[in-house]
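Coordinate analysis (summary)
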Amino acid sequence: MDRVPSPSGKSPDRYADAWRKGAWVSWVLLLTGVVPAFLIWHRWFGSRTIVLTYHKITDDFETTPEIVVTPITFRKQIRFIRALGTFVTPSRCLDLPARKGMRFVITFDDGYEDNYTNALPVLREATAPAAIFLISSQIGNEGFLDAGQIDEMQSHGIEFGAHTVSHPRLADLDRDGCELEVRQSVQEVEAVVGRRCTLFAYPYGKPEQVGEIAPEVVSNAGVELAFTTINGPITAECDAVRLPRIGIRECSLVTFAARISGVFESRAMRFLKR
Ligand SMILES: [Zn+2]
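Residues numbered from 1 in each chain as written. Predicted model: local features only at pLDDT ≥ 70, side-chain atom pairs only at ≥ 80, totals over all residues.

Brief notes about the pairing of strand β7 (residues 158-162)
It is a general feature of regular strands that their side chains alternate between the two faces of the sheet. We count it as follows: Around each residue's C-beta, the other C-beta atoms within 10 Å are counted; 20 or more make the residue buried, 12 or fewer make it exposed, and counts in between make it partly exposed. All C-beta atoms are placed from the backbone. The way it works is that DSSP assigns letters per residue, a run of H or I at least four long becomes a helix, a run of E at least two long becomes a strand, and they are numbered from the N terminus. Should DSSP find at least two bridges between two strands, the strands are taken to pair.
Among the 5 residues of β7, 5 are classified as buried, and the element is accordingly described as predominantly covered. By the alternation rule, side chains of β7 split into Ile158, Phe160 and Ala162 and Glu159 and Gly161, which are all buried. The pairing of strand β6 (residues 130-134) with β7 spans 5 bridges and is parallel. From the neighbouring strand, Ala130 faces β7, where its bridge partner is Ile158.

Re the confidence of the model for the protein chain
Where we set the bar: Values of pLDDT, the confidence the predictor places in each residue, fall between 0 and 100. By definition, residues are in contact whenever their C-beta atoms, placed on the basis of the backbone, come within 7 Å of each other.
When pLDDT is averaged along the protein chain, the result is 90, and 92% of the positions lie at 70 or above. Confidence drops under pLDDT 50 across residues 1-9; counting only partners more than four residues distant or on other chains, this segment forms 25 contacts.

Some words on the packing of helix α6 (residues 175-193) against helix α8 (residues 213-220)
A pair of packed helices is characterised by two quantities: the angle between their axes and the separation of those axes. We apply this condition: Here the axes come from fitting lines to C-alpha atoms, over the contacting stretch only for helices, and the angles between their N-to-C directions go from 0 to 180 degrees. Roughly parallel covers angles under 35 degrees, roughly antiparallel covers those over 145, roughly perpendicular covers 65 to 115, and oblique covers all other angles. Less than a right angle of anticlockwise turn of the near helix away from the far helix marks a crossing as left-handed, whereas a clockwise turn marks it as right-handed. By the convention adopted, Pro, Cys, Tyr, Trp, Phe, Met, Ile, Leu, Val and Ala count as nonpolar, Lys, Arg, Asp and Glu as charged, and the other residues, Gly among them, as polar.
Across the interface, α6 lies against α8 with an axial gap of 10 Å and an inter-helix angle of 45 degrees. When the axes of α6 and α8 are compared, the pair comes out oblique. The two elements α6 and α8 meet at a crossing, and its hand is right-handed. Along its contact with α6, which presents Arg175, Cys178, Glu179 and Val182, the element α8 presents Ile213, Ala214, Val217 and Val218. Residue composition of the contact of α6 with α8, grouped by class: 6 nonpolar, no polar and 2 charged.

Structural notes on unusual backbone geometry
The phi angle at Thr127 is positive, at roughly 40 degrees, despite the residue not being glycine. Relative to the helices and strands, Thr127 resides in the loop between α4 (114-125) and β6. Of note in the backbone geometry, Tyr204 takes a positive phi value of approximately 65 degrees without being a glycine. Among the secondary structure elements, Tyr204 is positioned in the loop between β8 (199-201) and α7 (207-210).

Digging into the pairing of strand β1 (residues 47-54)
Among the 8 residues of β1, 7 are classified as buried, and the element is accordingly described as predominantly covered. Here β1 runs beside strand β5 (residues 101-110); their pairing, made up of 8 bridges, is parallel. Residue pairing in the sheet places Tyr54 in a bridge with Phe108 of β5. Here β1 pairs with strand β10 (residues 246-247) via 2 bridges, running parallel. What sits directly across from Thr53, in β10, is Gly247.

Below, the structure written as structure tokens:
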């Protein structure tokens, strides 16, 4: 969609600013050994499941640079996490891990056509499952996935979920409006994919944009797992209809490593960010 603000809900400028600062901090955390220590801990001694949020995989930064990752960067990131841990099918992300280590769930919001042209080849190369959350009114429109592409992607292990009909902030709607957006999108996604739609992602996804009603409406619509953009790992305490994710945008592998290491969610970093 044309006007998708930054996944964080901040204005694009502030969001870019936060990532620029994060890039510097990431280098410091790498060189001081903090990020390697976090990764080594999760890889060999701990257990960590994270869901990554992508949008567009393209070289075109023209319209919405804050939601773009280039195909080259995407391939590097997927190869990096394949070396570091295992991929988990999105619909199985709450299953208890069989063994220790890092587990990654790949998701894409909005259903852009470049997910088929640019992301699918990389995912196939790594045999990585993923989920794509479709804005149902956009299916088949220019720049978005069509039914044929969705069908082909399903045959390669890609799951599809709903992302509302028109991408509103659900918190701004009353119950009727919210139900319409959720139920209709779930039905439209089911019609296209030919199976039950049990996955959902909230547009924008921060608590104040999701609101109180939407998780209940989503649950009543038959959705089993719903994803926000609240930062954090998947844990046993997670609410299945308010699952956290980690947003990814174009960045160096150093910043990416810091993002997935969990260092930014640590108590010390949260204190420093205040
Ligand atoms: Zn979206």
